[in-house]
Amino acid sequence: MKIQEIIVVEGKDDTVAIKRAMNADTIETNGSAVNDAIIEQIRHAQEKRGVIIFTDPDYPGDKIRHTISSQVPGCKHAFLPKQQAIAKSGKGLGVEHASSIDIRSALQEAQQMQAEPVELITFADLHLLGLTAGAGAKEKRERLGVALRIGYANAKQLHHRLMKFGITLEEFQEAVKQL
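Chemist: What should I look at first to understand the overall build of the chain in this one?
Modeler: Broken down by element type, the chain carries eight helices and four strands. On C-alpha atoms alone, the chain measures out to a radius of gyration of 16 Å, which is about the 16 Å that the 2.2 N^0.38 rule sets for 179 residues. Referenced to the eigenvectors of the C-alpha coordinate spread, the extents of the chain come out at roughly 40 × 40 × 30 Å. Put simply, of all contacts in the chain between residues at least 6 apart along the chain, 61% involve residues at least 24 apart. Total accessible area on the chain stands at roughly 9300 Å², and carbon and sulfur atoms take up 51% of it. Considering the chain, the positive charge centre built from 23 side chains and the negative charge centre built from 23 side chains are found 3 Å apart.

Chemist: Sorry, what's going on with the side chain of Arg 149 here?
Modeler: Tracing the backbone through its elements, the reader meets Arg 149 in the loop between α6 (137–148) and α7 (155–164). Residue classification places Arg 149 among the buried positions, given a relative accessible area of 17%. In this structure the side chain of Arg 149 is engaged in a polar contact, spanning 3.4 Å, whose partner is the backbone oxygen of Phe 79. Filtering out sequence-adjacent residues up to four positions away, Arg 149 remains in contact with Phe 79, Leu 80, Pro 81, Gln 84, Asp 102, Ser 105, Ala 106, Glu 109 and Phe 165.

Chemist: Even after reading the chapter, I still don't get the side chain of Asp 102, so can you show me in this structure?
Modeler: Residue position: Asp 102 is located in helix α4 (residues 100–112). Of the side chains with opposite charge, Arg 149 lies nearest to the buried Asp 102, which makes no salt bridge, at 5.9 Å. Ignoring anything within four residues of it in the chain, the contact list for Asp 102 reads Leu 80, Gln 84 and Arg 149.

Chemist: In this structure, what is going on with helix α1 (residues 12–21)? I would like to understand it.
Modeler: Quick reminder: α-helices carry 3.6 residues per turn. Residues three or four places apart thus point the same way. Listed in full, the buried residues belonging to α1 are Asp 14, Thr 15, Ala 17, Ile 18 and Ala 21. Down the axis of α1, the buried set is contained in an arc of 165 degrees. They therefore lie on one face. Facing away from the buried side of α1, by more than 90 degrees, are the exposed residues Lys 12, Asp 13, Val 16 and Arg 20.

Chemist: Hey, could you run me through the nonpolar core in this one?
Modeler: The tendency in soluble globular proteins is for nonpolar side chains to be buried as a group. The biggest cluster of nonpolar side chains holds 19 residues, and the ones touching the most others in it are Ile 7, Ile 18, Phe 54, Ile 103 and Leu 107. At the level of elements, β1 (6–9), α1 and α4 are the ones that each hand at least two residues to this core. Non-local contacts of Leu 107, meaning those with residues more than four positions away in its chain, are made with Ile 3, Ile 7, Ile 18, Met 22, Ile 52, Phe 54 and Ala 78. Counting 16 residues, the second largest nonpolar core, distinct from the first, contains Leu 131, Ala 153, Ile 167 and Ala 175.

Thresholds applied
Residues numbered from 1 in each chain as written. Predicted model: local features only at pLDDT ≥ 70, side-chain atom pairs only at ≥ 80, totals over all residues. Heavy atoms only, no water. Helix = DSSP H or I, 4+ residues; strand = E, 2+ residues; numbered from the N terminus. Rg over C-alpha atoms; globule rule 2.2 N^0.38 Å. Contact = heavy atoms within 4.5 Å. Areas by Shrake-Rupley, 256 points an atom, 1.4 Å probe, with all protein chains shown as cover. Lys, Arg positive; Asp, Glu negative; His and termini not counted. Charge placed at Lys NZ, Arg CZ, Asp CG, Glu CD. Buried < 20%, exposed > 50% of the residue type's maximum accessible area, 1.4 Å probe, protein only. Polar contact = N/O pair within 3.5 Å; in protein donor to acceptor, adjacent residues only side chain to side chain. Salt bridge = Lys/Arg side-chain N within 4 Å of Asp/Glu carboxyl O. Arc of directions from axis to C-beta. Core = buried A, V, L, I, M, F, W, Y, C linked by side-chain atoms within 4.5 Å.

Rendered as structure tokens:
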């Protein structure tokens, strides 16, 4: 399977893992200090073929994802839950540790998402469902992040990710039912 979009990853090991899983082209950010030359390369890739940002499920990965998506609009996002990105040794977390099946699945889901999400879920919806504050809100957000494959986030970030990942109201309601 060949992916049309160019996959943005953090480093060489991520590129190796993706190429092991499928036929795809990558751009490596070489860590969280994403420079102007890399942003320009990603911007060009977005114009020509489209971009899927596929970073590690950790703070530096989220920072890279935010940096790129704030400067290059319309990127799609692939996400791996932490459980799928942990090294077999237990020491290490990242795309490079994921199985080929999990990588393919994450990228296929990203290909199907809307590049420019439509706001269907309001912050008030999150509040009414006890996801913004109160007893158990953090745990609910953690479980919801896993169910929707968007990762853990505080309430404000959760709303932003729901929009960024193009989660529909129907998908959101189904995931909330499973909590």
